[in-house]
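Chain by chain, the residues run as shown.
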Amino acid sequence: MISIWFFIGVLLLFYGVVILGQGLYELSSPPAKPVVLASLHIGIWWGILLLVLGGGYTRHFFPGRNR
Amino acid sequence: MNSNQLLSLAPADILVIGAYFVTVLGIGFYLKRFTTTGDDFFLAGRDMTAWIAGLSFVSANLGALELMGWAGAAYQYGILATHWYWIGAIPAMLFLGIVMMPFYYISKTHSVPGYLKLRFGEAARATSAISFGLMTILMSGVNMYAMALIMQVILGWDLSFSIWVSSLTVGVYVVLGGLLSAIFNEVLQFVLIWLGALVITIVGLIETGGWSGMMARVHQNTPGADYTHLWSTLGHFSDNPMGIHWTGIVLGLGFVISFGYWTTDFLVVQRVLSAKDLRSARMAPVIGAAFKMAVPLIVIVPGLLALAVLPFKLVGADEAAVNHMHSYNEVLPLMLARYCGPGLLGLGITALVAGFMSGMAGNVTAFSTVWTYDIYRALIRKNASDEHYVSMGRWSTIVGLLISIGTAYLVMRSAGIMDYVQALFSFFIAPLFGTVVLGMLWKRATPAGGFWGLLLGTIASIGMWAWVKLDPSALRYVAMSQDAKAMAEDMYRALWSWIVCVLVTVIVSYATKPLPESQLVGLVYGCTPIPSDGDLALYRKPQFWAVLVAMGLVILNIVVW
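Reading the values: rules and limits
- Residues numbered from 1 in each chain as written.
- Chains lettered and ligands numbered in written order.
- Predicted model: local features only at pLDDT ≥ 70, side-chain atom pairs only at ≥ 80, totals over all residues.
- Helix = DSSP H or I, 4+ residues; strand = E, 2+ residues; numbered from the N terminus.
- Rg over C-alpha atoms; globule rule 2.2 N^0.38 Å.
- Buried ≥ 20, exposed ≤ 12 C-beta atoms within 10 Å, placed from the backbone.
- Contact = placed C-beta atoms within 7 Å.
- pLDDT = per-residue confidence, 0-100.

### Details of the overall build of chain B
Here's step 1: Scanning chain B for helices and strands turns up 22 helices and zero strands.
Here's step 2: Taking 561 residues into account, the globule formula puts the C-alpha radius of gyration at 24 Å, and chain B, at 23 Å, falls close to it.
Here's step 3: When its C-alpha atoms are laid out on the principal axes, chain B stretches across 65 × 55 × 55 Å.
Here's step 4: Buried positions account for 59% of the 561 residues belonging to chain B.
Here's step 5: For chain B, the share of sequence-separated contacts (at least 6 apart) that also reach a separation of at least 24 residues comes to 84%.

### Some words on the overall build of chain A
Here's step 1: Within chain A, the secondary structure is distributed over two helices and zero strands.
Here's step 2: Over its C-alpha atoms chain A spans a radius of gyration of 15 Å, topping by over 25% the 11 Å that the globule rule assigns to 67 residues.
Here's step 3: For the C-alpha atoms alone, the extent of chain A along its principal axes is close to 50 × 15 × 15 Å.
Here's step 4: Counting over 67 residues, chain A shows a buried share of 34%.
Here's step 5: Put simply, of all contacts in chain A between residues at least 6 apart along the chain, 87% involve residues at least 24 apart.

### Description of the interface of chain B and chain A
Here's step 1: In this assembly, 25 residues from chain B lie in contact with 21 residues from chain A.
Here's step 2: Within the residue set of the side of chain B that touches chain A, elements represented by two or more residues are α1 (11-31), α8 (159-208), α15 (331-339) and α16 (344-380) of chain B.
Here's step 3: The element best represented in the side of chain B that touches chain A is α8(B), accounting for nine residues.

### Describing the environment of B:Leu454
All names here are of chain B.
Here's step 1: Along the polypeptide, Leu454 turns up in helix α19 (residues 447-470).
Here's step 2: In this structure the C-alpha to C-alpha distance between Leu454 and Tyr75, which are 379 residues apart in sequence, comes to 36 Å.
Here's step 3: Sequence-distant contacts of Leu454, defined by excluding residues within four places in its chain, comprise Ala124, Thr127, Ser128, Pro431, Leu432, Thr435 and Cys501.

### Some remarks on the confidence of the model for chain B
Residue and element names in this part refer to chain B.
Here's step 1: Averaged over every residue, the pLDDT of chain B is 88; the share at 70 or more is 96%.
Here's step 2: Averaged over each element, pLDDT in chain B is lowest for helix α18 (residues 417-441) (78) and highest for helix α12 (residues 278-294) (95).
Here's step 3: Scored by ipTM, the complex comes to 0.95, with pTM at 0.90.

Take a look at the structure:
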């Protein structure tokens with residue numbers, strides 16, 4: 001059976017791509033109504049965190065991988 | 001788009017939310033092939049690790065009311081709301097893991113009513129199963145309603161649309177994969193809830209200049225009231241925003257309601273029963289307790305941050321509807337809107353939806369198991385095949401969801417969601433805890449004692465509730481003060497009903513013939529050999545981690561005393 005952590009890893013990886021991508025896009029096209037503390041670019045940092053977590057879990061729990 | 005809605009979604013948000021629904025449904029379809037027997041469907045094959053069972057144990061409780069309700073309660077009552085996460089959960093979870101789990105696990109019961117059948121006979125099981133089924137369905141309806149309401153406020157979605165979409169999704173993955181599917185999704189949901197809600201806490205604390213800055217602003221915004229101390233304002237009912245006395249918190253919440261919920265509510269206990277061995281089953285609640293202790297970071301802190309930074313006041317749901325203001329229950333979405341842009345907002349919404357769905361799945365799987373094993377098999381059709389009961393489990397999941405949907409529409413007429421649920425807890429859970437704990441720890445308790453204690457404890461609870469409804473001045477007897485508010489009343493009602501249950505059980509047990517000890521093996525302390533884990537390394541023993549978690553609890557309480 002595929003580990004639940006693999007499913008979680010794949011989803012977080014996808015979320016990392018979407019949220020980091022959106023954060024980078026906003027660097028060049030800032031939104032008309034920015035959120036509070038938009039200068040922190042929290043989307044970029046959170047996207048990177050999700051990418052790292054998701055990538056790590058996906059790789060570690062990849063089906064058939066010998067752990 | 002509804003002009004009154006709080007947020008609007010960008011394409012990135014829709015991608016994030018859509019990916020979540022695809023994943024949970026995909027997990028359900030994938031796990032169907034592993035769900036063939038009754039044990040697979042109702043107990044996830046009893047093959048879960050301590051981590052999976054422990055995270056699922058906490059996640060099943062992180063439903064709509066937890067996330068939305070307690071963030072709102074933190075805004076309304078301040079840091080006092082943390083009691084529901086610490087003294088109102090941790091001691092009971094540790095007690096379940098260290099003291100009670102061996103009896104649940106060794107008896108090989110499939111449910112809490114199933115344990116009562118083994119210990120006290122069919123009448124106690126039937127009483128417990130029917131009351132649990134009723135409570136679970138009502139809880140599920142409350143969950144759905146809370147979700148639909150908040151989706152209407154946040155995104156302008158129609159109430160019926162939210163109720164049906166979430167129910168169908170949960171229905172599909174639970175019908176396909178049973179408890180296994182529910183547990184897998186609960187672990188996923190737990191991770192998403194944390195990653196979605198933690199953004200608010202981090203950015204909010206940056207905005208307020210850290211913990212001390214947040215507290216300073218809370219003091220500034222709540223002149224004349226103390227929202228920042230956990231224990232020091234509990235000396236009198238009128239000294240704190242919740243209108244409660246420390247005896248209510250310690251005895252009503254910390255003892256009866258908390259122990260009742262965490263040790264006998266099958267919704268959570270079912271997750272632990274799925275563990276692959278006794279050590280995992282004992283470890284799971286301890287792991288769950290460690291995470292539960294941290295949940296205030298993503299629920300209570302956002303409520304306090306709202307108190308610190310929002311430029312307007314939140315009010316009760318009724319006043320909000322009349323005056324077009326925001327209600328307490330909107331704290332989390334308001335804070336999401338404040339800090340989260342596209343993509344992150346989608347993740348935050350996904351966290352809320354995940355919370356709603358994990359709570360709903362918890363209710364539905366527990367209901368399906370109790371209905372199939374403790375009502376249908378026990379009272380309607382005793383000797384059918386395993387395959388037949390799995391099929392009944394799937395059908396009862398669908399029927400349970402439909403009844404929940406009906407309940408959600410009924411609950412739309414009720415104003416105080418939290419109070420309503422607390423009242424339900426005290427009706428059924430508090431007496432049940434009295435019956436189960438006496439059954440496990442007291443050899444002399446007899447079947448008649450267990451049955452009458454449970455029945456009269458439940459009737460006493462409903463009776464006290466009706467008494468105060470008909471004559472509000474009765475509050476001074478039930479809650480020991482006319483100043484007591486609704487939650488305090490629930491605490492004391494739970495305490496009295498537990499006392500009634502215990503007294504009746506003891507008196508009737510002494511008046512009836514005890515069971516021979518040979519019939520109590522595997523069920524009662526003193527008659528059951530508990531497998532020793534003496535050879536395990538210290539760090540692998542559940543008791544070791546339970547002590548560490550307990551020490552953490554004490555330290556945290558002292559820090560915000």
